[in-house]
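Structure assessment
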Amino acid sequence: GRLPVAVGVGEEGALEGGPPDHSYSLSSGTTSEELLRKLNEQRDIIALLEVKMKEMKGSIRRLRLAEAQLREEIREKDRLLHAASAGARKRHGL
């Protein structure tokens, strides 16, 4: 059972800024400054996406309202057409 200990020590070394000996550690050229810049860029992108999502949700809400109104209009027109055709049938004795 020596292996888990070695792995644990290796991970600690990586966490404490030791040599990047793991495949998942970042390339040695990445400075904390660059990481911070990338992090801030991603945060900006996420903020932008959140704004876009809010806008899209608003658009969807508006479209749903418009759809409901159109469906209502179609129902009304259908009703009028049926009434008119029923009246015409009566008139012509069909």
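By the naming in an unreviewed UniProt entry, the protein is THA11 protein, taken from Asarcornis scutulata.

Helix and strand counts for the protein stand at 2 helices and 0 strands. Element-wise, carbon and sulfur atoms account for 61% of the exposed surface of the protein, whose accessible area totals about 8900 Å².

Our focus in this paragraph is helix H2 (residues 32–92). The end-to-end C-alpha distance of H2 is 88 Å, a good match for the 90 Å that 61 residues give at a rise of 1.5 Å each. Looking one or two places after H2, you find glycine 93, whose phi comes out positive at around 65°.

Turning next to the pattern of salt bridges. Per the counting criterion, the structure on display carries 4 salt bridges. In this structure, arginine 37 and glutamate 41 form a salt bridge, with 3.3 Å as the shortest nitrogen-oxygen distance. With arginine 37 and glutamate 41 both in helix H2, this residue pair falls 4 residues apart, about one helical turn. Exposure remark for arginine 37: the relative accessible area of 45% places this residue in the partly exposed category.

Okay, the confidence of the model for the protein next. Of all residues in the protein, 68% have pLDDT values of 70 or greater, and the mean over the chain is 81. Predicted confidence is poor over residues 6–14, with pLDDT under 50, and the contacts of this stretch with residues over four places away or in other chains come to 4 contacts.

With respect to the helices and strands, glutamate 34 occurs in helix H2. The class of glutamate 34 is partly exposed, set by a relative accessible area of 29%. A distance of 3.0 Å separates the side chain of glutamate 34 from the backbone nitrogen of threonine 31, its partner in a polar contact.

The rules behind the values
- Residues numbered from 1 in each chain as written.
- Predicted model: local features only at pLDDT ≥ 70, side-chain atom pairs only at ≥ 80, totals over all residues.
- Heavy atoms only, no water.
- Helix = DSSP H or I, 4+ residues; strand = E, 2+ residues; numbered from the N terminus.
- Areas by Shrake-Rupley, 256 points an atom, 1.4 Å probe, with all protein chains shown as cover.
- Expected span 1.5 Å × (residues − 1).
- Salt bridge = Lys/Arg side-chain N within 4 Å of Asp/Glu carboxyl O.
- Buried < 20%, exposed > 50% of the residue type's maximum accessible area, 1.4 Å probe, protein only.
- pLDDT = per-residue confidence, 0-100.
- Contact = heavy atoms within 4.5 Å.
- Polar contact = N/O pair within 3.5 Å; in protein donor to acceptor, adjacent residues only side chain to side chain.

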